[in-house]
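Below are the chains, spelled out letter by letter.
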There are 4 protein chains.
Amino acid sequence: MSTPDGPARVLVTGFEPFGGERTNPSWEAVRLLDAAPPPGTRLVTARLSCVFGTALAERREAIVRSDPDLVLCVGQAGGRPDLTVERVAVNVDDARIPDNAGRQPLDEPVVAGGPAAYFAALPVKACVAAARAAGVPASVSQTAGTFVCNHVFYGLSHLIATERPALRGGFVHVPYAPHQVAAVGAPSMAPRDMATGLAAILTAALGTTTDLHTVEGATH
Amino acid sequence: MSTPDGPARVLVTGFEPFGGERTNPSWEAVRLLDAAPPPGTRLVTARLSCVFGTALAERREAIVRSDPDLVLCVGQAGGRPDLTVERVAVNVDDARIPDNAGRQPLDEPVVAGGPAAYFAALPVKACVAAARAAGVPASVSQTAGTFVCNHVFYGLSHLIATERPALRGGFVHVPYAPHQVAAVGAPSMAPRDMATGLAAILTAALGTTTDLHTVEGATH
Amino acid sequence: MSTPDGPARVLVTGFEPFGGERTNPSWEAVRLLDAAPPPGTRLVTARLSCVFGTALAERREAIVRSDPDLVLCVGQAGGRPDLTVERVAVNVDDARIPDNAGRQPLDEPVVAGGPAAYFAALPVKACVAAARAAGVPASVSQTAGTFVCNHVFYGLSHLIATERPALRGGFVHVPYAPHQVAAVGAPSMAPRDMATGLAAILTAALGTTTDLHTVEGATH
Amino acid sequence: MSTPDGPARVLVTGFEPFGGERTNPSWEAVRLLDAAPPPGTRLVTARLSCVFGTALAERREAIVRSDPDLVLCVGQAGGRPDLTVERVAVNVDDARIPDNAGRQPLDEPVVAGGPAAYFAALPVKACVAAARAAGVPASVSQTAGTFVCNHVFYGLSHLIATERPALRGGFVHVPYAPHQVAAVGAPSMAPRDMATGLAAILTAALGTTTDLHTVEGATH
């Protein structure tokens, strides 16, 4: 997996807490991943603000700083039961709740004049298969929502398309951590399992040039 | 709502049954709508095959025949509890199950060389608000899936973008009808309520030039 | 279904709204049923308060007044997608929210010294089969909760067991009505379909002496 | 928590796999618990067959062998997102699927002539609170279903009521383990977290004489 120039450089981002939560499992998982990175990789991590615009600037700065071969952005999708590798980023900011700076854009483009959507620059089905092979529940998702996660995903995809065609990258959503929903009755996943799944995804993304064509579509 | 040339011409399509079902509630709802069309409209309906490619040809033929001002395509989203007005059509055919001709495309474009996605040529939030005002549960959906429904939605959107810029149109998913899930334990909606909601959506689509900017986004 | 003495006397109860709702679909359904009662029945209806204790007194008074052969109590189970015929009433009041008089009993018996539970004095599987045959989604439920619905169900069952052994009766939960959840994204059912299902259940309950032994159990 | 006679004797049972699964997370969790039992306890474990009748005999034999102060029976509730401490055992075997011996009883009593139900001989709310305090999602459940889990729970409760009044005990359902649903999209929990929760529950059950009266009821 290492390149001619040495280990693959990977930037992995998580988010700060939002929506009244005290932690964000995406950042818990990223830190666990960082403590035991997959062999052949050199990891850089960054914690992004849950703020429209600011998150994109922070992610851009992290890319400039680390000059990665691969960028994996990770965020919380409270209520989903498994890791979801996002297939498509959409050019819309349409916030259901205010972001951490109190802004709530409605029906605004992420990038004015940008295309309606980008497909992930990741072999999404190979990533899902790798997480499952590691025993971690995972699936392909057809929507990353319209909040800051999709915002960062679209921004990354636009950067790849317009400025860094050699860069690969995409977005993975993680469930709640158990401690967030101890009294709530929602699905959760242990952050250690998230990190195991992310390591498998990252390894698959680095090692796969052509995606699998497995059955992962949605009838609706 | 009628145009200077008379009542607005509207094409509404439903689907034939698929996935082992004996009926398709989208077609039940469209027939009920056709029996009592909203004032100021002249409705034409068409039942599309649940077959990749064929459905697009049938829909194109129906447009040529009826020369509509608005096209509303309707399909079944079994498991969803409400009418969902789709926001975005994606350029991918990725079938979870075979279509009614036994074909199961994986990761193929709907239109080779087409953009990754189109936003609906519909005021989706005004449509949702209108259905709700009529007492019918409705919401904006961020994904129409990757099966024949999305295929038809993308095909329609591409036609509008490339050949018929004056045409408006989009896609609405309906839940199961009650009789389909009498012994299943899944959400359903009475076809009469679907038709009421579709009439409200159609009227809103014809009468609205600028969409509402209400809070209908998704955090993920 | 009529008895030697004429049509079967049936008491059907619904509830007043609770939990901040403005209507209760159980009462909407009962009124529709009352407007078109099944042949061979003489219906009496009563709307019960959503208040511990008071609801039992009202139901007792309605029984004294109407001297029924069968009592069907109906309540709202918001979030369930189908009619659920309750199998078992439990001797506990354990309120998640205050009732309409502001009382919130915790872990109190419905009837001090009463048995832990009663099975419904209804052929629950025959009732479910009848609703389905009428095209209305239905299933057996293993729990009526621990709020006022279970309270009324247990109280009725205790009355039958201790005072009126010839009386039959039980409890049916109905989903939300569509207008309650137009903007919520929860399952619902048209009150007219609820009434159709209740008529089928009532007819089955009156005409069935031995229940069906169909597969309706739950693994958990 | 230890008694005057030394550490508390605790019997914890799990189940063999059923329903086509290759493992049963209840047994995985029980083995992890057994490898690190809470201080002040002496654990005995038993793996029960998923067979009506046989499971009761095996549990009875394990009780005779270990003479416990507390019995905690654990089983899989696939689809639930959290540990569920069962409140009530019902006197009915009503199998949705055949057990591992191919038997599928319908509407038969667990114990002929036994009462309709027993409440758990456990402080269920204190147990739930203890699991949550350990960071493990948990809730009170109002139904253990009508399959082998409820069968064992009712049988245990009947044994306590009729033969061993000093014994305490109940039933806890656990979610799927992640590896069971890697490709399924259902909620799961890491067996290590299950074991942490079970240890907390067991400790609470041993140390609590009067249950908490917290808000854990269900509206339906």
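Residues numbered from 1 in each chain as written. Chains lettered and ligands numbered in written order. Predicted model: local features only at pLDDT ≥ 70, side-chain atom pairs only at ≥ 80, totals over all residues. Heavy atoms only, no water.

A short note on the interface of chain C and chain D
Counting from both sides, the interface comprises 36 residues of chain C and, opposite them, 36 residues of chain D. Both sides together, the interface formed by chain C and chain D hides about 3000 Å², and carbon and sulfur atoms give 60% of it. Sorting the residues of chain C by area buried against chain D places Arg-96, Thr-219 and His-220 of chain C first, and these three jointly supply 24% of that buried surface. Inspection of the chain C/chain D interface yields eight salt bridges. Lys-125 of chain D is the partner of Asp-107 of chain C in a salt bridge, and the nearest nitrogen-oxygen pair spans 2.8 Å. (Contact = heavy atoms within 4.5 Å. Buried area = accessible area lost by both parts, 1.4 Å probe. Salt bridge = Lys/Arg side-chain N within 4 Å of Asp/Glu carboxyl O.)

Focus: the pattern of salt bridges
In total, this model carries 48 salt bridges over all chains according to the counting rule given. Here Glu-61 of chain C ties to Arg-65 of chain C by a salt bridge, and the two come within 3.5 Å at their closest N and O atoms. Remark: Arg-65 of chain C and Glu-61 of chain C occur in helix 2 (residues 54–66); sequence separation between them is four residues, near one turn of the helix. The class of Arg-65 of chain C is partly exposed, set by a relative accessible area of 48%. Taken together, the salt bridges that share partners define one network made up of Arg-9, Asp-67, Asp-69 and Arg-164 of chain A. (Helix = DSSP H or I, 4+ residues; strand = E, 2+ residues; numbered from the N terminus. Buried < 20%, exposed > 50% of the residue type's maximum accessible area, 1.4 Å probe, protein only.)

Observations regarding the pairing of strand 3 (residues 70–76) of chain B
Residue and element names in this part refer to chain B. Within strand 3, seven of the seven residues are buried, which leaves the element mostly enclosed by the surrounding structure. Side-chain alternation along strand 3 places Leu-70, Leu-72, Val-74 and Gln-76 on one buried face and Val-71, Cys-73 and Gly-75 on a second face that is also buried. Bridging between strand 1 (residues 8–15) and strand 3 involves four bridges; their strand directions are parallel. Each residue of the ladder has a partner; that of Leu-11, found in strand 3, is Val-71. (Pairing = 2+ DSSP bridges.)

Considerations on the interface of chain B and chain A
Facing the 36 residues of chain B at the interface are 36 residues of chain A. Considering only the side of chain B, the residues that lose the most area to chain A are Arg-96, Thr-219 and His-220 of chain B, jointly responsible for 23% of the buried surface there. The interface formed by chain B and chain A contains eight salt bridges. Residue Arg-87 of chain B is joined to Asp-107 of chain A by a salt bridge in which the shortest nitrogen-to-oxygen separation is 3.3 Å. Viewed at the interface, chain A and chain B are joined by 18 residue pairs in polar contact (both at pLDDT 80 or more). Here the element with the most residues in the side of chain B that touches chain A is strand 6 (residues 117–119) of chain B; it accounts for three residues. For the side of chain B that touches chain A, a count of residues per class yields 15 nonpolar, 14 polar and seven charged. (Polar contact = N/O pair within 3.5 Å; in protein donor to acceptor, adjacent residues only side chain to side chain. Nonpolar A, V, L, I, M, F, W, Y, C, P; charged D, E, K, R; others polar.)

A closer look at the arrangement of the chains
Across the gap from chain A to chain C, with no contact made, the nearest C-alpha atoms are 13 Å apart. Of all C-alpha pairs spanning chain B and chain D, none lies closer than 13 Å, and the two are not in contact.

A look at the UniProt feature "active site" (unreviewed entry) in chain A
Residues given the UniProt feature "active site" (unreviewed entry) here are Glu-86, Cys-149 and His-173 of chain A. In sequence the annotated residues extend across 88 residues, while in space they remain close, none of their C-alpha pairs exceeding 10.3 Å. With respect to the element layout, Glu-86 of chain A can be found in strand 4 (residues 83–86). Take Glu-86 of chain A: its relative accessible area is 0%, and that puts it in the buried class. Residues contacting Glu-86 of chain A, with those up to four places away along its chain left out, are Arg-80, Ala-120, Val-124, Ser-141, Gln-142, Thr-143, Ala-144, Phe-153, Phe-171 and His-173 of chain A. Apart from the residues within four sequence positions on either side, His-173 of chain A is in contact with Gly-75, Gln-76, Ala-77, Arg-80, Asp-82, Leu-83, Thr-84, Glu-86, Ala-144 and Cys-149 of chain A together with His-220 of chain B. (UniProt positions renumbered as here; feature names shortened; annotations may be inferred.)

So, the environment of Ser-66 of chain D
Residue and element names in this part refer to chain D. Of note, Ser-66 is situated in helix 2 (residues 54–66). Of the residues examined, Ser-66 reaches a relative accessible area of 11% and is grouped as buried. It is 16 Å that separates the C-alpha atoms of Ser-66 and Pro-37, two residues lying 29 residues apart in sequence. Beyond its immediate sequence surroundings of up to four residues, Ser-66 is in contact with Arg-9, Leu-11 and Val-44.

As for the packing of helix 3 (residues 124–133) of chain B against helix 5 (residues 191–207) of chain B
Residue and element names in this part refer to chain B. It is the contact of helix 3 with helix 5, at a shortest axis distance of 8 Å, that shows an interaxial angle of 140°. Considered as vectors, helix 3 and helix 5 are oriented oblique to each other. For the pair helix 3 and helix 5, the sense of crossing is right-handed. Residues Ala-126, Cys-127, Ala-130 and Ala-131 of helix 3 form the contact with helix 5, whose own contacting residues are Gly-197, Ala-200, Ile-201, Ala-204 and Ala-205. A per-class count over the contact of helix 3 with helix 5 returns eight nonpolar, one polar and no charged. (Axes fitted to C-alpha atoms, helices over the stretch in contact; angles between N-to-C directions. Parallel < 35°, antiparallel > 145°, perpendicular 65-115°, else oblique. Left-handed = near helix turned anticlockwise from the far one by under 90°.)

Thoughts on the relation of the copies chain B and chain A
Superposition record for chain B on chain A: RMSD 0.0 Å, screw rotation 180°, translation along axis 0.0 Å. In symmetry terms, the pair is related by a two-fold rotation axis. Considering only C-alpha atoms, the part of chain B nearest the rotation axis is Ala-117 of chain B, at 2.7 Å. When the interface residues of chain B are mapped onto chain A, 100% of them are again interface residues, pointing to one common binding face. (Least-squares fit on C-alpha atoms with pLDDT ≥ 70 in both.)

A short note on the relation of the copies chain C and chain D
With an RMSD of 0.0 Å, chain C superimposes on chain D once it is rotated by 180° and translated 0.0 Å along the axis. Interface overlap between copies: 100% of the residues of chain C at the interface are likewise at the interface in chain D, consistent with a symmetric, same-surface contact.

Regarding the sheet that holds strand 1 (residues 8–15) of chain C
All names here are of chain C. Read across the sheet, six strands follow the order 2-1-3-8-4-7 without closing on themselves; strand pairing throughout is mixed. Across the chains shown, the open sheet's two edge strands, defined by having one partner strand only, are strand 2 (41–48) and strand 7 (138–141). Going from strand to strand, the sheet's axes swing by 25° on average, the running direction of each strand aside. In the packing of helix 1 (residues 25–35) onto the sheet, contacts are made with strand 1, strand 2, strand 3 (70–76) and strand 8 (168–174), and the angle to strand 1 comes to roughly 150°. Along the sheet, helix 4 (residues 148–162) contacts strand 1, strand 2, strand 3, strand 4 (83–86) and strand 8; its crossing angle with strand 8, the most-contacted strand, is approximately 170°.

Some thoughts on the sheet that holds strand 1 (residues 8–15) of chain A
Residue and element names in this part refer to chain A. In spatial order, the strands read 2-1-3-8-4-7; together these six strands make up an open sheet with mixed pairing. With one partner strand each, in any of the chains shown, strand 2 (41–48) and strand 7 (138–141) form the two edges of the open sheet. Across the sheet, the mean angle separating the axes of adjacent strands is 25° when strand polarity is ignored. Pairing between strand 4 and strand 8 (residues 168–174): two bridges, direction antiparallel. Along strand 8, the bridge assignment pairs Val-85 with Val-172. Sheet strands touched by helix 1 (residues 25–35): strand 1, strand 2, strand 3 (70–76) and strand 8. Its angle to strand 1, the strand with the most contacts, is close to 150°. Together, strand 4 and strand 7 form the strand contacts of helix 3 (residues 124–133), whose direction differs from that of strand 7 by roughly 160°.

Overview of the side chain of Gln-76 of chain B
Position of Gln-76 of chain B among the secondary structure elements: in strand 3. Classification of Gln-76 of chain B as buried rests on a relative accessible area of 6%. Polar side-chain contacts of Gln-76 of chain B include one of 3.2 Å to the side chain of Gln-180 of chain B. Among residues more than four places away in sequence, those in contact with Gln-76 of chain B are His-220 of chain A together with Phe-18, Glu-21, Thr-23, Asn-24, Pro-25, Ser-26, Cys-149, His-173, Val-174, Tyr-176 and Gln-180 of chain B.

Observations regarding the pairing of strand 4 of chain C
All names here are of chain C. Side chains Leu-83 and Val-85 project from strand 4 onto one buried face, and the interleaved Thr-84 and Glu-86 project onto a second face that is buried too. With four bridges joining them, strand 4 and strand 7 adopt parallel strand pairing. Looking at the pairing, Thr-84 lines up with Ser-139 of strand 7.

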